[in-house]
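A look at the structure
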Amino acid sequence: MKRAVFNQKGGVGKTSITCNLAAAMAKLGKKVLVVDLDSQANSSKYLLGDRMERVESTIVDFFNSTLSFRLFQDSLMDCIYETEYPGLFVIPAHDSLKELQPKLEGRYKIFKLGEAIDVAREKLGFDEVLFDTPPALNFYSMSSLLAADRVLIPFDCDAFSEDAVDQVMIAVDEVSQDHRPDLHVEGIVINHYQSQAKLPRTTIERLINKGLPVLEPYLTSSVIMRESHSEGTPLPFYKPGHKLTQEFMTLAEKLINADHKQKAPTLPAAKAKREPSAEI
Ligand SMILES: Nc1ncnc2c1ncn2[C@@H]1O[C@H](COP(=O)(O)OP(=O)(O)OP(=O)(O)O)[C@@H](O)[C@H]1O
Ligand SMILES: [Mg+2]
């Protein structure tokens, strides 16, 4: 499955959720690709650590190739890096994504990422693809929505985040109606959850009462997240026994199971309930 982790509100946990879910999925035996589409390149640094300084090709080279006659699918393959965690791969971002954006917008290149990801997935056999997005509804986040099957919306239990969720829902609806009928919001991922505090609970209840798909488990707020960022090691490989890590593992497992259900061949209703035929 290809999932965009998107919320245009900054600091809600897009990068933390993308990388830790990806690491959890890899730990569960899946082949996983993280695509970093944010010029801050935080996912790239988190997953590649010091190797980030030696990276030669980034997603910028791919987008540049879409502007030239170079075969753009091949150029995406060139910027896939294996991390030190088995089964986990990343396409790193770079600060120069910012300067490139107006050129890409002017040349209608918004579908190219999706096309190239499908080719890479087919050739390299990724089970799961996760897009980390910038805190804005811009060319790069739109490219990810056009490339993805599902959207995960991180939610940080803050009052302003409710408006942000509504805006993401509208954006996804529009992309789905205009271009990708199968695209939908798989769920809202509750982050920075504090079970002792009343405000997060009431905010989450409001989302549920609106009929929004809130995923469980909720991700606890813990200092271990910052520690794992500064160590450059995602939680499943940093503190496997920690409560927050376990929450990521459970969520990853649920998402993987949802993929299987999606793929499972369903028995045709007529066959399942078939009455003895009159002709027999
Ligand atoms: N569950 C958590 N508990 C504690 N701190 C967290 C948690 N999730 C994220 N953080 C911290 O919150 C900050 C923002 O997280 P993160 O960078 O993942 O958000 P983001 O949505 O990707 O931000 P941006 O919009 O800038 O890309 C980071 O310092 C991160 O360590
Ligand atoms: Mg981020």
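Structure: above.
Because the structure is predicted, anything quoted here is derived from the model rather than measured. (Residues numbered from 1 in each chain as written. Chains lettered and ligands numbered in written order. Predicted model: local features only at pLDDT ≥ 70, side-chain atom pairs only at ≥ 80, totals over all residues. Heavy atoms only, no water.)

Remarks on the packing of helix α3 (residues 59-66) against helix α5 (residues 97-106)
The contact between α3 and α5 brings their axes to 11 Å, and the two run at 20°. With respect to their mutual orientation, α3 and α5 come out roughly parallel. Where α3 crosses over α5, the handedness of that crossing is left-handed. Counting all contacts with α3, which are made through Ile59, Val60, Phe63, Asn64 and Thr66, the residues of α5 involved are Leu97, Leu100 and Leu104. Taken together, the residues of the contact of α3 with α5 break down into six nonpolar, two polar and no charged. (Axes fitted to C-alpha atoms, helices over the stretch in contact; angles between N-to-C directions. Helix = DSSP H or I, 4+ residues; strand = E, 2+ residues; numbered from the N terminus. Parallel < 35°, antiparallel > 145°, perpendicular 65-115°, else oblique. Left-handed = near helix turned anticlockwise from the far one by under 90°. Contact = heavy atoms within 4.5 Å. Nonpolar A, V, L, I, M, F, W, Y, C, P; charged D, E, K, R; others polar.)

Quick word on the side chain of asparagine 191
Structurally, asparagine 191 is set in the loop between β7 (184-190) and α9 (198-209). With near-sequence residues (within four places) excluded, asparagine 191 lies in contact with Val12, Gly13, Ile17, Phe155, Asp156, Cys157 and Leu219.

Observations regarding the site of ligand 1
If you check the shell around ligand 1, you find 18 residues, and the closest are Lys14, Thr15, Ser16, Asn191 and Ser222. At 3.1 Å, a backbone N or O of valine 12 approaches an oxygen atom of ligand 1. For ligand 1, whose unbound accessible area comes to 630 Å², protein coverage reaches 86%. According to the grid-proximity analysis, the pocket containing ligand 1 is the largest pocket. Mapped by element, the contributors of at least two residues to the shell around ligand 1 are α1 (14-27) and α10 (223-231). A per-class count over the shell around ligand 1 returns three nonpolar, 12 polar and three charged. (Near = heavy atom within 4 Å. Polar contact = N/O pair within 3.5 Å; in protein donor to acceptor, adjacent residues only side chain to side chain. Areas by Shrake-Rupley, 256 points an atom, 1.4 Å probe, with all protein chains shown as cover. 1 Å grid on protein atoms, 1.4 Å probe; cavity = no way out; pocket = protein on both sides within 12 Å on 5 of 7 lines; lining within 4 Å. Sits in = over half its atoms within 2 Å of the grid points.)

Focus: the sheet that holds strand β4 (residues 88-91)
Strand order in the open sheet made by the seven strands is β3-β4-β2-β5-β1-β6-β7, with mixed pairing throughout. Sheet topology places β3 (81-82) and β7 at the edges, where each strand pairs with a single neighbour. Of the strands in this sheet, β1 (2-5), β2 (32-36), β4, β5 (128-132), β6 (150-155) and β7 touch α1, which is tilted by about 165° from β5. Contacting β1, β5 and β6, helix α7 (residues 139-147) runs over the sheet at an angle of about 150° to β1. (Pairing = 2+ DSSP bridges.)

Points about α1
Here α1 contains 14 residues, and its C-alpha end-to-end distance of 20 Å stays within 8% of the 20 Å for a straight helix at 1.5 Å per residue. Of all 14 residues in α1, 13 are buried; the element is thus mostly enclosed. Note on α1: the residue one or two positions beyond its end, glycine 29, has a positive phi of about 95°. (Expected span 1.5 Å × (residues − 1). Buried < 20%, exposed > 50% of the residue type's maximum accessible area, 1.4 Å probe, protein only.)

Quick word on unusual backbone geometry
The amide bond that connects glutamate 216 to the next residue, proline 217, takes the cis arrangement and shows omega of 0°. Along the chain, proline 217 falls in the loop between α9 and α10. The backbone of alanine 41 sits at a positive phi, close to 55°, despite the residue not being glycine. Turning to its location among the elements, alanine 41 is positioned in the loop between β2 and α2 (42-48). By relative accessible area, which is 4% here, alanine 41 ends up buried. The phi dihedral of tyrosine 108 falls on the positive side, at around 50°, and the residue is not glycine.

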